[in-house]
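Residues per chain, in single letters:
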Amino acid sequence: MRLGALYTYWVPLGFVLAVTVIREAVEEIRCYVRDREVNCQVYSRLTVRGTVKVKSSNIQVGDLLIVEKNQRVPADMIFLRTSEKNGSCFLRTDQLDGETDWKLRLPVACTQRLPTAADLLQIRSYVYAEEPNIDIHNFVGTFTREDSDPPISESLSIENTLWAGTVIASGTVVGVVLYTGRELRSVMNTSNPRSKIGLFDLEVNCLTKILFGALVVVSLVMVALQHFAGRWYLQTIRFLLLFSNIIPISLRVNLDMGKIVYSWVIRRDSKIPGTVVRSSTIPEQLGRISYLLTDKTGTLTQNEMVFKRLHLGTVAYGLDSMDEVQSHIFSIYTQQSQDPPAQKGPTLTTKVRRTMSSRVHEAVKAIALCHNVTPVYESNGVTDQAEAEKQYEDSCRVYQASSPDEVALVQWTESVGLTLVGRDQSSMQLRTPGDQILNFTILQIFPFTYESKRMGIIVRDESTGEITFYMKGADVVMAGIVQYNDWLEEECGNMAREGLRVLVVAKKSLAEEQYQDFEARYVQAKLSVHDRSLKVATVIESLEMEMELLCLTGVEDQLQADVRPTLETLRNAGIKVWMLTGDKLETATCTAKNAHLVTRNQDIHVFRLVTNRSEAHLELNAFRRKHDCALVISGDSLEVCLKYYEYEFMELACQCPAVVCCRCTPTQKAQIVRLLQERTGKLTCAVGDGGNDVSMIQESDCGVGVEGKEGKQASLAADFSVTQFKHLGRLLMVHGRNSYKRSAALSQFVIHRSLCISTMQAVFSSVFYFASVPLYQGFLIIGYSTIYTMFPVFSLVLDKDVKSEVAMLYPELYKDLLKGRPLSYKTFLIWVLISIYQGSTIMYGALLLFESEFVHIVAISFTSLILTELLMVALTIQTWHWLMTVAELLSLACYIASLVFLHEFIGKTPHPPPQLQPGSWVRGRCRLLEEGRFPWTHPALSVLQALVLGGPHFVTGVPLGQVVVVDPLPGTEAIGRDVDRVSF
């Protein structure tokens, strides 16, 4: 059964398996090391015996853990105590939600009041918490201390939690472990990323299956031409082994090595610095993207907010007139410093028409107070941190907040004269232009949520005792809260059309009795376990009526550098761009226009809000009548459409030149990507920079993360990481295009190389009565696909048809790749025909032209094969690289050296045929058993073997038909002619 030496089979296969196993082993070892590193981190646990060290893998529910500054929280905990004087701490949550802004967290009040942390072990208390869920932005629970009289019960919310994966940014905290293991919020939000297999690899696998089918067919044809004589099934297996070169085992190794080269080239490109390839298995995907789905904030925009506009209804202040606002603020506080102390501060409830300075002051003061920003003072190496905080030094102050919008607003108030210099859990300090400190007591804070779309704060002015409720939020919700006016809607629309993020600021003065009544109802609602959010919202809404409209603020999120030309390049390349964002509809639409995602001459169809099936049906019919217009749709309407009319909606949306989906949740983003893949069958690329983009990035065929201000979570989860959105153009147009075309050429050449030698083997077997004898020895087979041709063929990964500047200048070149023409069934068939033609020509030509030199037929045909392959590579190369020339010359030199030093393998003469005595009896079946150029071997004494010749030229002086190949197997028939006796 064996054909050739065993190493000709197990060496190539073993090498391929070894490369795969080693690569997988390296990945597994890296994962194991990372897991072990996390599980072995040591934390301090508070016990009755004092503080003990515990590994993170041994932490259990109920443990009291001490977490130091800059240490990562190992489990979901309830915040009990902090070492900070202000009774709060900051968290860095970039690895949880992708946001780099610090989050303020508050401890449980009754445990914070304890003298020391050790006293936590002396009290009897319990925590009632909701069951584990994936919501990282909300929490409902209660903390009850039973050993006090009466028992103390406090409500717990998201502000009292320390989720696993966050980092303590200030002070030392003590918490009680609530969830561990699979119940952690971060773990429950982590979906198992699917193993991405490139479309190119799937196509190559398909072609390999075709080649396997061809292998089986050729083997059966060879046996059929022998009329299935004797043990034909054994002959079939022999032919399968003989023609196994049809399936190129080296193809996978060449492609994997090519992917490594592509990844290295991308990382080394100086025009896209900082680009990281995290998945080296799918670089060809970059060359066939049909849909690009991108986030807005931080991806298309810089996530750097700049205050642009203050609108008071009758007057608006822009960047060029901010000095007027500054002069108004200065005049107000200059006038106050000259008034008696009883008259400090402007009268808030006066019915007399206020001056413009007073109106500006009220607006600026509201903006300076209504936020969740905290000034943090850091040591600059010269000034002590505590001293800097005490003196409110501007050079050491840094603002931290959960939203860059709020930081931009507070920085603007500082620029016009009203500076936020201090804040803790219960108070806030502002500094006036005259360096006077205004103290305010924080009575209540109502944080911003995506559901409420607003935030509020109740403060007491320490100098006057007045209680004021400030609120800011989106115009869609604030319009029903503020007093009637005739300019709010129009001006909000005007500012939104300029691409500004608009906030409406309002206030309401509260009497002491009014506030006390509210506080009692609010505390009672917060202690509710069931429907807490609804009850709290109802109590707050009782205050949100007839509020005084103060101003509108306009903040611009500036576009990333070269976003417009990049989007235009992608559009000209035939890539449809969809923008998926959590921002409001108006802002998303303005950003789409500003970035030229929607061209100036394109109509925009705003899909109105639908809540049921009939409304969705009517709106879809209205949208169907539109042609060549961009679609803007909200997340709520999208959910309804996908629920009832998924197929119809996706069909219409895919026909749009651009789609903008606003108010999208991370789950909806991933769902849109999945539907595009299923409905169109095209490749998708998702681009994002925040933790809310991770699901979309992992679901797409090719995920690209932008390292922005929202952390590195998206970048770490992506297949490719870039520092700016504009780098995406070169990544796709140049590297993606080159990677795909090079891999297509490489795979076709490897297949061509294998089919050529297989065709020559088939011709050789056909000439000699379909005998299953190898044409070349095992050494030549292995050398052919390695040292003799591997380097020139593999050098095709350096080839390029056009320069990178041309590819960027003419993105239409990218459009040609979307149909997969470089590697299709048509091109595959062409290369198969070329291989059959060349292999047949070489073999038949060698047999006919060198008939008298048959003893050197191996050297002649093999040399022709090598030269043909080297010449084919040279003719295919479009742009020569110096390494290509080296590869060609090196391979040629290796073969010439083999002819000189390994001539016994290449120029080996056949063994003489067995000598048959006159009158010998020969019985059996004719076949070829010999290895090498001639199938002669000396048989065992009891076995007689000879050769049925294809012509009299093989054995000088012996006529055709008098030398017979026999296989002494009982019951078999001879091939060629049956003989009972052969005489010489």
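Now for a quick tour of the structure. Just so you know, these numbers come straight off a predicted model, no measurement behind them.

A few words on a nonpolar patch on the surface. A grouping of L867, L892, I896, L899, V900 and F901 is seen on the molecular surface, where their side chains present a nonpolar patch of about 540 Å² in accessible area. By residue number, the principal contributor to the nonpolar patch is helix α31 (residues 882-901), which donates five residues. Checked against the element boundaries, I896 lands in helix α31. The class for I896 is partly exposed, based on a relative accessible area of 46%.

On to the pairing of strand β24 (residues 500-510), then. Within β24, nine of the eleven residues are buried, leaving the element largely enclosed by the surrounding structure. Note: strand β23 (residues 467-473) against β24, seven bridges, orientation antiparallel. By the bridge assignment, Y470 is partnered in β24 with K507. With eight bridges connecting them, β24 and strand β25 (residues 548-559) associate as antiparallel partners. Looking across to β25, one finds that A506 is bridged to L549.

On the surface, R497, R564, K593 and R600 cluster together to form a positively charged patch. With respect to the element layout, K593 can be found in helix α17 (residues 585-594).

At a minimum axis distance of 8 Å, the contact between helix α24 (residues 727-767) and helix α29 (residues 825-849) shows a crossing angle of 40 degrees. Considering their axes alone, α24 and α29 lie oblique with respect to each other. α29 is crossed by α24, and the crossing has right-handed handedness. Classifying every residue of the contact of α24 with α29 gives 17 nonpolar, eight polar and no charged.

Right, let's talk about α31 for a bit. Look at α31: 28 Å from first C-alpha to last across 20 residues, which is about the 28 Å you get at 1.5 Å a residue. Among the residues making up α31, those that are buried are M884, A887, E888, S891, Y895 and S898. Along the axis of α31, the buried positions cluster into a sector of 95 degrees, meaning they face one direction only. In α31, those exposed residues whose orientation departs by more than 90 degrees from the buried face are W882, L889, V900 and F901.

Packed helices, taken two at a time, are described by their axes: the angle between them and the distance between them. Here helix α19 (residues 635-644) crosses helix α20 (residues 646-654) at 120 degrees, and the two axes come no closer than 5 Å. Taken together, the axes of α19 and α20 are oblique relative to one another. Residues L638, C641, L642 and Y644 of α19 touch α20, and the partners they reach there are E646, F649 and M650. For the contact of α19 with α20, the residue count by class is six nonpolar, no polar and one charged.

What counts, and at which threshold
Residues numbered from 1 in each chain as written. Predicted model: local features only at pLDDT ≥ 70, side-chain atom pairs only at ≥ 80, totals over all residues. Heavy atoms only, no water. Patch = residues over 30% accessible without salt bridge, like charges linked within 9 Å, V, L, I, M, F, W, Y side chains within 5 Å. Areas by Shrake-Rupley, 256 points an atom, 1.4 Å probe, with all protein chains shown as cover. Salt bridge = Lys/Arg side-chain N within 4 Å of Asp/Glu carboxyl O. Helix = DSSP H or I, 4+ residues; strand = E, 2+ residues; numbered from the N terminus. Buried < 20%, exposed > 50% of the residue type's maximum accessible area, 1.4 Å probe, protein only. Pairing = 2+ DSSP bridges. Lys, Arg positive; Asp, Glu negative; His and termini not counted. Charge placed at Lys NZ, Arg CZ, Asp CG, Glu CD. Axes fitted to C-alpha atoms, helices over the stretch in contact; angles between N-to-C directions. Parallel < 35°, antiparallel > 145°, perpendicular 65-115°, else oblique. Left-handed = near helix turned anticlockwise from the far one by under 90°. Nonpolar A, V, L, I, M, F, W, Y, C, P; charged D, E, K, R; others polar. Expected span 1.5 Å × (residues − 1). Arc of directions from axis to C-beta. Contact = heavy atoms within 4.5 Å.

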